[in-house]
Amino acid sequence: MAYFLSMLVSGLKLGSIYAIVAIGYSIVYGILRLINFAHGDIMTVGVYIILVLMNRMGVPLLACVVISVALSVLVGLLIERLAYRPLRDASEETTLISSLAVSALLQNLLQIIFSAQRQPFLLPSWLSKGHQIGPVNLSTVNIITFIVTAIFLVALYFILKKTKIGTAMRACSENMQASRLMGINVNHVVMFSFAIGSGMAVIAGLLLAGEYKTVYPSLGFVPGLKAFCAAVVGGIGSVGGAVAGAFIIGLAEMLFAGLMPTGITAYRDAFVFLLMVIVLLFCPNGLFGHAEGERS
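From a predicted model like this one, the values you see are computed outputs, not experimental measurements.

1. Overview of the packing of helix 6 (residues 164-174) against helix 8 (residues 186-212)
Here comes step 1: Two elements in contact, helix 6 and helix 8, have axes whose closest approach is 10 Å; the angle formed by their N-to-C orientations is 105°. The angle between helix 6 and helix 8 falls in the class roughly perpendicular. Packed against helix 6, whose contacting residues are Ile165, Ala168, Met169 and Cys172, the element helix 8 presents Val186, Val189, Phe192 and Ser193 at the interface.
Here comes step 2: For the contact of helix 6 with helix 8, the residue count by class is seven nonpolar, one polar and no charged.

Right under this line is the structure:
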């Protein structure tokens, strides 16, 4: 039972990280109908910035996080302006190919600058301190992961429901053309969405790299794909669905890795994608999504 509870907590921890990334996918898709596969690579860019500032220049962790979030937001905005905005009226297939190209570009740039080798990513020792909570052992960074996810969810709910920019985001998600006619600056809404997604991705990358204690150019690619699977399973375009899907994927992945025979656990990534396929076979719009017509 103690082992099973440990797997459940690990699944919730992993689901929390996926949820932070999946929210960025859902926000951007809800407005632009764009699947931004470069989202996970922006996460990696942020982690490398923290690596350089903290481990090589001795900058305090909090300052590293603030600088990394700011620079990664700039990278996200630059990608939106140069790669996605010119294709805003193009087909979804075109923008999908563009996002894959941006992802490949970022990964190769990181390889050129930092090499393809894994590099150690060591957080301050107090973040690795263990805490025994009943039969489950959690590190300080694990506890911070749950707290940060909860704060992000509450803050995002407040932004979407209680602010003007949140109202504008929901309006653009419903009908882009009508939003323009009502005087909403769609470009500002899109930029704000990319800024939120990029900033949250950096925090998720920090938590992920801190857990694995390593960083490499493709660090965010597979977790980004899993977060995309989570958004699809929950119903892409729905923030609540993305969060629910992230916890489902995280729990399923960890229970698969912890309860299946050792020879099969190496296929945990394939299991996540298979799970998405199975869900879509029975719920084509995701567990919490809904069918919708072509949008203006």
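Resuming the write-up.
2. Notes on the packing of helix 1 (residues 2-32) against helix 5 (residues 140-162)
Here comes step 1: In contact at an axis separation of 10 Å, helix 1 and helix 5 are set at 35° when each is read in the N-to-C sense. Handedness of the crossing formed by helix 1 with helix 5: left-handed. Here Val9, Leu12, Lys13, Ser16, Ile17, Ile20, Ile23 and Ile27 of helix 1 come into contact with helix 5, specifically with Asn142, Thr145, Phe146, Val148, Thr149, Phe152, Leu153 and Leu156.
Here comes step 2: Counted by class, the contact of helix 1 with helix 5 contains eleven nonpolar, four polar and one charged residues.

3. So, the nonpolar core
Where a protein is soluble and globular, its nonpolar side chains tend to be buried together.
Here comes step 1: Ranked by size, the top nonpolar core spans 81 residues in total, and within it Ile31, Leu32, Ile50, Tyr84, Phe121 and Leu123 carry the most contacts.
Here comes step 2: Residues contacting Ile50, with those up to four places away along its chain left out, are Asn55, Cys64, Val65, Ser68, Phe121, Val202 and Leu206.

4. Notes on the packing of aromatic side chains
Here comes step 1: A complete count under the given rule lists five aromatic pairs for this structure.
Here comes step 2: Summarising the aromatic geometry, the rings of Phe37 and Phe228 are spaced 5.2 Å apart at their centres and angled 65° between planes, so their arrangement reads as edge-to-face. Linking Phe37 in the loop between helix 1 and helix 2 (39-56) with Phe228 in helix 9 (residues 221-234), this pair joins segments that are 191 residues apart in sequence. With respect to class, Phe37 is no different from Phe228; both count as buried.
Here comes step 3: Considering the side-chain rings of Tyr84 and Phe194, the 5.8 Å spacing of their centres and the 35° angle between planes classify their relative orientation as tilted. With Tyr84 in helix 3 (residues 61-84) and Phe194 in helix 8, this pair connects stretches of sequence that are 110 residues apart.
Here comes step 4: According to the relative accessible area criterion, Tyr84 is buried, its value standing at 4%.
Here comes step 5: What links up through ring pairs into an aromatic cluster is the set Tyr25, Phe37 and Phe228.
Here comes step 6: Above the ring of Tyr216, the side-chain terminus of Arg118 is found at 4.0 Å from the ring centroid.

5. Describing the side chain of Thr140
Here comes step 1: Residue position: Thr140 is located in helix 5.
Here comes step 2: Those residues within four positions of Thr140 in sequence are excluded, and the remaining contacts are Trp126, Leu127, Lys129 and His131.

6. Observations regarding the pairing of strand 3 (residues 136-139)
Here comes step 1: In this structure, strand 2 (residues 130-133) lies alongside strand 3, joined through four bridges in antiparallel fashion. Across the sheet, the residue bridging to Ile133 is Val136, located in strand 3.
Here comes step 2: Hairpin connection between strand 2 and strand 3: a loop of two residues separates the two successive antiparallel strands, and Gly134 in this loop has a positive phi of roughly 65°.

7. Description of helix 8
Here comes step 1: Across its 27 residues, helix 8 extends 39 Å between first and last C-alpha, which sits within 8% of the 39 Å expected from 1.5 Å per residue.
Here comes step 2: Within helix 8, 20 of the 27 residues are buried, leaving the element largely enclosed by the surrounding structure.
Here comes step 3: Backbone nitrogen of Asn187 and a side-chain oxygen of the N-cap are separated by 3.2 Å at the start of helix 8; the cap is Asn185.
Here comes step 4: One or two residues past the end of helix 8 sits Lys213, with phi positive at roughly 60°.

8. A short note on the environment of Val186
Here comes step 1: Relative to the helices and strands, Val186 is located in helix 8.
Here comes step 2: A relative accessible area of 4% places Val186 in the buried class.
Here comes step 3: Separated by 66 residues in sequence, Val186 and Pro120 have C-alpha atoms that sit 41 Å apart.
Here comes step 4: Those residues in contact with Val186 that sit more than four places away from it in its chain are Arg88, Cys172, Met176 and Arg180.

9. Quick word on the pattern of salt bridges
Here comes step 1: Applying the stated criterion to the full structure yields six salt bridges.
Here comes step 2: Lys226 is the partner of Asp269 in a salt bridge, and the nearest nitrogen-oxygen pair spans 2.5 Å. Placement of Asp269 in helix 12 (residues 268-282) and of Lys226 in helix 9 is noted, with a sequence separation of 43 residues between them.
Here comes step 3: Relative accessible area serves as the criterion here: at 30%, Asp269 is assigned to the partly exposed category.
Here comes step 4: Residue classification places Lys226 among the buried residues on the basis of a relative accessible area of 5%.
Here comes step 5: Taken together, the shared-partner salt bridges connect Lys226, Glu253, Arg268 and Asp269 into one network.

Reading the values: the criteria
- Residues numbered from 1 in each chain as written.
- Predicted model: local features only at pLDDT ≥ 70, side-chain atom pairs only at ≥ 80, totals over all residues.
- Heavy atoms only, no water.
- Axes fitted to C-alpha atoms, helices over the stretch in contact; angles between N-to-C directions.
- Helix = DSSP H or I, 4+ residues; strand = E, 2+ residues; numbered from the N terminus.
- Parallel < 35°, antiparallel > 145°, perpendicular 65-115°, else oblique.
- Contact = heavy atoms within 4.5 Å.
- Nonpolar A, V, L, I, M, F, W, Y, C, P; charged D, E, K, R; others polar.
- Left-handed = near helix turned anticlockwise from the far one by under 90°.
- Core = buried A, V, L, I, M, F, W, Y, C linked by side-chain atoms within 4.5 Å.
- Buried < 20%, exposed > 50% of the residue type's maximum accessible area, 1.4 Å probe, protein only.
- Phe/Tyr/Trp six-rings, centres within 6.5 Å; stacked < 30°, edge-to-face > 60°.
- Lys NZ or Arg CZ within 6 Å of the ring centre and 35° of its normal.
- Pairing = 2+ DSSP bridges.
- Expected span 1.5 Å × (residues − 1).
- Polar contact = N/O pair within 3.5 Å; in protein donor to acceptor, adjacent residues only side chain to side chain.
- Salt bridge = Lys/Arg side-chain N within 4 Å of Asp/Glu carboxyl O.

Function-wise, these values are silent; they only describe arrangement.
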